[in-house]
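# Structure assessment
Here is how the chains run, residue by residue.
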Amino acid sequence: MEGTLNLYHIFHAVARSGNISLAAKELYISQPAVSKSISRLEELLNTTLFYRSSRGVSLTEEGLLLDEQIRKAFDSIAYGEEQLRKINELGIGQITIGVSTTLCKYVLLPYLQRFTQENPHIRVSIACQPTMETVRNLRSGSIDIGLIGDVPDKRELLFQPVMEIQDEFVTTERYLQNLSTRLGIPQAQLYENNLSLLWENGMFLLLNEENISRRYMNSYLSDEKIEISQSIEISTMDLLIEFARIDMGIACVIGNFAEKEIDGNRLIKLPLANPIAKRKIGFARKMQADYPIAVRKFCSMLSADFN
């Protein structure tokens, strides 16, 4: 194929012009060189491609078949060249971002809004998935960027922190009043002995086990030697906050994302003897020698924010 590509180019010029002399002028080569190339191609394909006459040349049936396919091939090449030109001139490209539903809503959207405003021709795909799946997909190369918590194992990844988050246990005043009434004790007693009565008797609203926030919370509870006796697993942070607001129990939430409810006294934070350590979230990408233009533009936007 490599050796015949130039022959196909000459063939296509002759087929288009219907005249060897005109094709030679178009290609800036001699007429004998064109004739020789056509003969060589006919020899390689073991067929006659043109009828020759004093008025010029015309395609045989075999030549018509070959010209149709070559025209499609050259059109595809021209289309590819045009797309590359647009990519270079307009910044056209595509980027796939992996992110959990929670981080997508509370963290990614402002970055995404700014990025699309600055790069309107880049197509953005969002893969909503748990953080650990995002990490796996980053390593496999099936996504370009991930918005993740600061996982312990960052092999093959570059991580750019963008904010710190604080996990909290929150509930309502009404839930605590109802619980103290049910236990037949003053509400203040719920806060004694490192909240031991709450851990033993409260209903805790937690994310499911595959969620990285839940794993972080499990580690905290284990370190503090706290055992929760009753719990309900819920799939999203938004539902955790809403369930806590309607007095269903004590929810473990990312406090940053429940600020309105906490500041408005619709939810109250439990006073932990040892507060949960803050953790970082940020954008991650796979370590590699080069990145597509869309990824470079996204990383450039982040670098501008933190330089």
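Preceding block: the structure.
Now for a look at the structure at hand. Source: prediction; values computed, not measured.

It is worth spelling out helix α10 (residues 237–245) at this point. Listed as buried for α10 are M237, L240, I241 and A244. Buried residues of α10 fall within an arc of 95 degrees about the axis and therefore sit on the same side. Those residues of α10 that are buried lie in contact with α5 (101–118), β7 (167–171), β8 (203–207), β9 (230–234), β10 (250–254) and α11 (259–263). D247, located one to two residues past α10, shows a positive phi value of around 70 degrees.

Turning to the pairing of β9, a few remarks are in order. As paired strands, β8 and β9 are joined by five bridges and run parallel to one another. Counterpart to M203 in the pairing with β9 is Q230.

With that settled, consider empty space enclosed by the protein. Enumeration over the complete set of coordinates arrives at two cavities of 30 Å³ or more. By volume, the largest cavity is sized at about 120 Å³. Lining the largest cavity we find 15 residues, and of these S100, L103, N211, I212 and S213 sit closest to its centre. Put simply, the parts of the chain that give the lining of the largest cavity at least two residues each are α5, α9 (212–223) and β12 (279–286). Residues that form the lining of the largest cavity fall into these classes: eight nonpolar, six polar and one charged. For the second largest cavity, the calculated volume is near 60 Å³. Surrounding the second largest cavity, D167, L206, L207, S213, R214, M217, M237 and C252 form its lining. Looking at the lining of the second largest cavity, the elements that each hand over two or more residues are β8 and α9. When residues in the lining of the second largest cavity are grouped by element, the largest group, three residues, is from α9.

Moving on, we get to the packing of aromatic side chains. Counting across every chain of the model gives eight aromatic pairs. Taking 5.3 Å as the distance between ring centres and 50 degrees as the angle between the ring planes, the aromatic pair formed by F11 and F50 counts as tilted. Highlighted residues: F11 in helix α1 (residues 5–17) and F50 in strand β1 (residues 50–53), separated in sequence by 39 residues. Look at F11 and you get buried, because its relative accessible area is 0%. Centre to centre, the rings of F169 and F204 are 5.9 Å apart; their planes meet at 90 degrees, and the pair counts as edge-to-face. Of the two residues, F169 is situated in strand β7 and F204 in strand β8; the sequence distance between them amounts to 35 residues. Positioned above the aromatic ring of Y291, the side-chain terminus of R285 is 5.1 Å from the ring centre.

With that settled, consider the sheet that holds β7. Spatial strand order, β9-β8-β10-β7-β11: five strands in an open sheet with mixed pairing. The open sheet has two free edges, formed respectively by β9 and β11 (268–269), since each of these has just one partner strand. Each of β7, β8, β10 and β11 touches helix α7 (residues 173–183); the most contacted strand, β7, lies at about 65 degrees to it. Across the face of the sheet, α10 comes into contact with β7, β8, β9 and β10 while running at roughly 140 degrees to β10.

Quick look at the packing of helix α2 (residues 20–27) against helix α3 (residues 31–45) now. Between α2 and α3, the least distance of the axes is 8 Å, while the angle of their chain directions is 110 degrees. Judged by the inter-axis angle, α2 sits roughly perpendicular to α3. Contact residues: α2 offers I20, S21 and A24, while α3 offers Q31, V34 and S35. By residue class, the composition of the contact of α2 with α3 is three nonpolar, three polar and no charged.

With that settled, consider helix α6 (residues 131–140). Each turn of an α-helix holds 3.6 residues, which means side chains three or four residues apart point in the same direction. Along α6, the residues classified as buried are T131, T134, V135, N137, L138 and R139. Where the residues of α6 are buried, they touch β3 (93–99), β5 (145–149), β6 (157–165), α9 and β12. Just beyond α6, the residue with positive phi is G141, at close to 85 degrees.

As a further point, take the environment of R285. Assignment of secondary structure puts R285 in strand β12. By relative accessible area, which is 22% here, R285 ends up partly exposed. In this structure the C-alpha to C-alpha distance between R285 and T101, which are 184 residues apart in sequence, comes to 19 Å.

Rules of the game
Residues numbered from 1 in each chain as written. Predicted model: local features only at pLDDT ≥ 70, side-chain atom pairs only at ≥ 80, totals over all residues. Heavy atoms only, no water. Buried < 20%, exposed > 50% of the residue type's maximum accessible area, 1.4 Å probe, protein only. Helix = DSSP H or I, 4+ residues; strand = E, 2+ residues; numbered from the N terminus. Arc of directions from axis to C-beta. Contact = heavy atoms within 4.5 Å. Pairing = 2+ DSSP bridges. 1 Å grid on protein atoms, 1.4 Å probe; cavity = no way out; pocket = protein on both sides within 12 Å on 5 of 7 lines; lining within 4 Å. Points joined across faces, edges and corners; volume = space filled by probe spheres on them. Nonpolar A, V, L, I, M, F, W, Y, C, P; charged D, E, K, R; others polar. Phe/Tyr/Trp six-rings, centres within 6.5 Å; stacked < 30°, edge-to-face > 60°. Lys NZ or Arg CZ within 6 Å of the ring centre and 35° of its normal. Axes fitted to C-alpha atoms, helices over the stretch in contact; angles between N-to-C directions. Parallel < 35°, antiparallel > 145°, perpendicular 65-115°, else oblique.

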